[in-house]
Amino acid sequence: MKNQFSLLTQNRFRPFFWTQGLGAFNDNVFKTALITQVAFNTASLTALDGSTLVTLLPGLFILPFFLFSASAGQLADKYEKSQIIRLVKLLEIAIMLFASIGFLMHSLAMLALALFLMGVHSTMFGPVKYSYLPQHLKAHELTAGNGLVEMGSFVAILLGQVLGAWLGSLSQHEFFTSLSILLIAISGYHISRSIPLSPAPVPEMKINWNPISETINNVRLFWAQQTLWVGIVAISWFWFFGATLLAQFPNLAKDGLHGSERDFIALLSIFSVGVGIGSIWCEKLSKGKQELGLVMLGAAGMSLFAWDFASTAGSIQQQFLANPGWSLQAISQLDYWRMLLDVALLGVSGGLYIVPLYVLLQSRVEARYQSRVIAANNIMNALFMVLSAGFSLLLFGQGLSIPQLFSATAGLNLLVAGYLCLRQPEYWFSSVAYIKRWFASE
């Protein structure tokens, strides 16, 4: 297509794009505002340790992905999708109203339950989010559509975290946070009313409400289709990689770089914008086709720039150790800007890596199974993000620093890329063919 942004003017895509973007935005406004309050005003909420709660609360958001993804996938295959989206957005309004009461009453129990319920909201929306696109976009538009969705999601996450942190720092944070999350939820529902009908692919399906047995059934089904299974593993690895790095950005900015919240926001912003740029570049680089060749190029960039980022951050730490009285502004400016460039290119590489994989899942699975494939993918994503936390704790327990953790993750990324090529040689051959075509066109 001539201009992928033209999708944003079309009713088959525009209301869906803004609905999913506002959902991701509100998730992060609420989560960040809550965590900010727990981190800095723990005494007003509970007698428990604030640092422990900050670690545990995100787990409440992830837990529903394990519990309800299998059911969500079945519902999205059985029922018309625009109706599901609107019901999910109504649920979001109810949850945000409940959370508002929790903020105003300083009730940590209510806020924790609201966080869990927002995880349920995201779990129910996930299978619809990616199975909607193949129903309304042509095959050559899938890369453009997925690129825009990924760009919108990461920008929404970034803006939500920035707004949530700011709201959490206000003296009257309870009122302004409650007002914000309610208005965002209502706006999302209003826009969702314009989403076109998306007929159910399997209306006759009988729902299996047992999440354990249904998850096992899904794993068995997709294990037999190795192209899909390897694609799910590849996507889940992206979330492991990203979660490992992003979870350490606050500590790196504060302790490693001797910076402030502004430096953390700068790292997060540059990475998120980088992912957005990489995501929308996929359309141009693939010329509208399914292009798995970009996956290995993105993986190579992820390792290269993560390693250089770790090396540069380690160099900055050494400068502080040699000069304890220095501030971040006193270090080598070349190292500082090199580090920020690494973060940007790391994000771009991630965007090039992830978009073709979602196109793979959408284009190589039968329509009757698409939502359940996405549900299985969401379960794996959640599992890998939990494993990323365990991986970080394990390496920190061995005495590694944050830059060393990043270097280890970059090395592990190469091993995973090698595994993907061995299990599915198409990744390697597609990359070689893409590079040859690129040089031939020069």
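Parameters and conventions
Residues numbered from 1 in each chain as written. Predicted model: local features only at pLDDT ≥ 70, side-chain atom pairs only at ≥ 80, totals over all residues. Heavy atoms only, no water. Helix = DSSP H or I, 4+ residues; strand = E, 2+ residues; numbered from the N terminus. Buried < 20%, exposed > 50% of the residue type's maximum accessible area, 1.4 Å probe, protein only. Contact = heavy atoms within 4.5 Å. Patch = residues over 30% accessible without salt bridge, like charges linked within 9 Å, V, L, I, M, F, W, Y side chains within 5 Å. Areas by Shrake-Rupley, 256 points an atom, 1.4 Å probe, with all protein chains shown as cover. Salt bridge = Lys/Arg side-chain N within 4 Å of Asp/Glu carboxyl O. Phe/Tyr/Trp six-rings, centres within 6.5 Å; stacked < 30°, edge-to-face > 60°. Lys NZ or Arg CZ within 6 Å of the ring centre and 35° of its normal.

Assignment of secondary structure puts Leu60 in helix α2 (residues 50–78). The partly exposed category is assigned to Leu60, whose relative accessible area is 27%. Taking the C-alpha atoms as reference, Leu60 lies 35 Å from Leu7; in sequence the two are 53 residues apart. Setting aside residues up to four positions removed in sequence, Leu60 forms contacts with Ala112, Leu115 and Phe116.

Taken together, the side chains of Leu97, Ile101, Leu104, Met105, Phe175, Phe176, Leu179 and Leu183 present a nonpolar region at the surface, about 770 Å² in accessible area. Broken down by secondary-structure element, the contributors of at least two residues to the nonpolar patch are α3 (81–105) and α6 (173–192). In this structure, Leu179 sits in helix α6.

Turning next to the side chain of Ser122. Note that Ser122 resides in helix α4 (residues 108–136). Leaving out residues up to four positions away in the same chain, Ser122 has contacts with Asp27, Phe61 and Phe65.

This model, assessed by the stated rule, comprises 19 aromatic pairs. Measuring from centroid to centroid gives 5.2 Å for Phe17 and Trp18, while their planes differ by 85°, and the two rings are edge-to-face. Looking at Phe17, the relative accessible area reads 7%, which means it is buried. Here Trp18 falls in the partly exposed class, since its relative accessible area comes to 46%. Aromatic side chains Phe238 and Trp239 sit 5.3 Å apart centroid to centroid with 80° between the ring planes, which places their arrangement in the edge-to-face category. An aromatic cluster of three or more residues is present, and its members are Phe154, Phe238, Trp239 and Tyr353. The ring centre of Tyr79 lies 5.6 Å from the NZ or CZ of Lys78, which sits over that ring.

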